[in-house]
Amino acid sequence: MKLTFKDLREFLAILEEEGQLIRIEDEVMPEPDLSAIGRAAPDMENGPGVFINKVKGYKYSVVLNVHGSWQNHALMLGLPKETSVKEQFFALDKAWSAYPIKPVWVENAPVKEVKITGGINLFEVLPLFRVNKYDGGFYISKALIVSQDPDDPDNFEKQNAGTYRLQVKGKDLLGILPLPFHDIAIHLKKAEERNQPLPIAICLGNDPVLNFMSSTPIEYFQSEYDFAGAIKGEPIELTKSEVGNLDIPARSEIVLEGYIIPKERKIEGPFGEFPGSYSGARLMPEVRIHTITHRINPIFENLYLGIPWTEIDYLMALNTCIPLYRQLKRDFPEVVAVNAIYTHGMGVIVSTKSRLGGYGKAVAMRLLSTPHGMPYSKIVIIVDEFVDPFNLQQVMWALTTRVRVDKDVVTIPYCPGMPLDPSSEPAGMHTKLIIDATTPVAPDHCRETELIEIPEKTDFWMNYLKNLRQRKGGTNDAMSQM
């Protein structure tokens, strides 16, 4: 596939053309209006993006909920907005196979239209607000942050473009949360061993595919930019940062350049996180900003997150599924699909054909040993290949008719966990749960069962009824399986 948009502005135009963008021209307050808008939009039918033109006390506009519905997600992939989640999964998997499509570097990049190198004041450029009421401060929650491996700074594949939360602490000072299993934490550790600052570039208001990839759990030696090119079907345009020789998106709205201060930790948080609760405060590194570049009249894109579903649940859904699916299928070719859309893969449903007795449990244990599954995945459900893991009605059928509780439910205590999950105890430790809801095969055994076959011509009548409803002006609920 080849997508027609090159940046956030062009994608907003597509959303508007498709009826998936709402513009607010009335002046709004930073608080509580912006967070309330961010909460309300994904709760609407076909959750639209929302463009807020005027924010009281600030110069520039804000956009929220760009990724916040399956309709917007489909448009990001160049698909019709009514494309089902399962169809989006397989379209994304197909695009994934085009990796790598290498980026191109351009001069006179749009993000360099305005340059600020002295008197840095984040409040003059960013319409900042608390994402949730009891956050420890203003947060930047949708940033693509670029860093390099200090041991190998010229290795493009080891450069990381990841998403990490940022707390605004002053005019030029931010707190950052680099958890130990994040790639940026590897870079920071190496820099601190040298007692050197780690240069970073914080890129805001990006091509939605770039934000999608920066929150995707790919391998350390893989490039987010190369994957973004594969999804888009053409190279991503990059340019060089003003300082630090970092590769940054040429069409970002705003880039904050700075460095992580070595061997210093200050209180960061609390913050309302993606599991739907506040994650508390902890000692974390800080970032000093020395340069800002931005487009003329930049758009500040931020992300609301709270009790699911919010924008983050759409953003970090299929981009969690595909890497897990690819890693599993490489070792277990019988795997058919992976649904890891729940709370960034803390819950995962895998459909697979069973090669031998106990195969479902083996698939689950492999998932729990993947780079993302190890810290994140807590509850893993394995179903047969004929069960659609994206259809919860079918999954519940498998759970209620296939699970022998004494044989098919396994817990594994004292495993790595996601410290932002309020049920991890202590923070960062999980007991993993595996539920094998597959039909037993030899040498396992159970009583004989014979599945009811689907009636002939079911597909014909499914399409007939859909077309009939569309002709009568009914709403299309192709996404209703979610």
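Note: the structure precedes this text.
To keep things clear, this report deals only with the structure shown in the data block. (Residues numbered from 1 in each chain as written. Predicted model: local features only at pLDDT ≥ 70, side-chain atom pairs only at ≥ 80, totals over all residues. Heavy atoms only, no water.)

Regarding the packing of aromatic side chains
Phase 1: Within the structure shown, the criterion is met by 23 aromatic pairs.
Phase 2: Ring centres of Trp 309 and Tyr 342 lie 6.3 Å apart, and the angle between their planes is 80 degrees; this geometry places the pair in the edge-to-face category. Highlighted residues: Trp 309 in the loop between β18 (299-301) and α9 (311-315) and Tyr 342 in strand β19 (residues 335-342), separated in sequence by 33 residues.
Phase 3: Directly above the ring of Phe 51 sits Arg 23, whose terminal nitrogen or CZ lies 4.7 Å from the centroid.
Phase 4: If you follow Lys 457 out to its NZ or CZ, it ends over the ring of Phe 460, 5.0 Å from the centre. (Phe/Tyr/Trp six-rings, centres within 6.5 Å; stacked < 30°, edge-to-face > 60°. Helix = DSSP H or I, 4+ residues; strand = E, 2+ residues; numbered from the N terminus. Lys NZ or Arg CZ within 6 Å of the ring centre and 35° of its normal.)

Let's talk about unusual backbone geometry
Excluding glycine, a negative phi dihedral is what most residues carry, and trans is how most peptide bonds are arranged.
Phase 1: For the bond from Glu 31 to Pro 32, the omega torsion is 0 degrees, close enough to zero to count as cis.
Phase 2: The topology assignment puts Pro 32 in helix α2 (residues 30-43).
Phase 3: The phi dihedral of Asn 108 falls on the positive side, at around 55 degrees, and the residue is not glycine.
Phase 4: Structurally, Asn 108 is set in the loop between β4 (104-105) and β5 (114-116).

Side note on helix α4 (residues 85-96)
Phase 1: Relative to the 16 Å expected for 12 residues at 1.5 Å per residue, α4 spans 16 Å between its end C-alpha atoms, a close match to the ideal helical length.
Phase 2: Along α4, the residues classified as buried are Val 85, Gln 88, Phe 89, Ala 91, Leu 92, Asp 93, Ala 95 and Trp 96. (Expected span 1.5 Å × (residues − 1). Buried < 20%, exposed > 50% of the residue type's maximum accessible area, 1.4 Å probe, protein only.)

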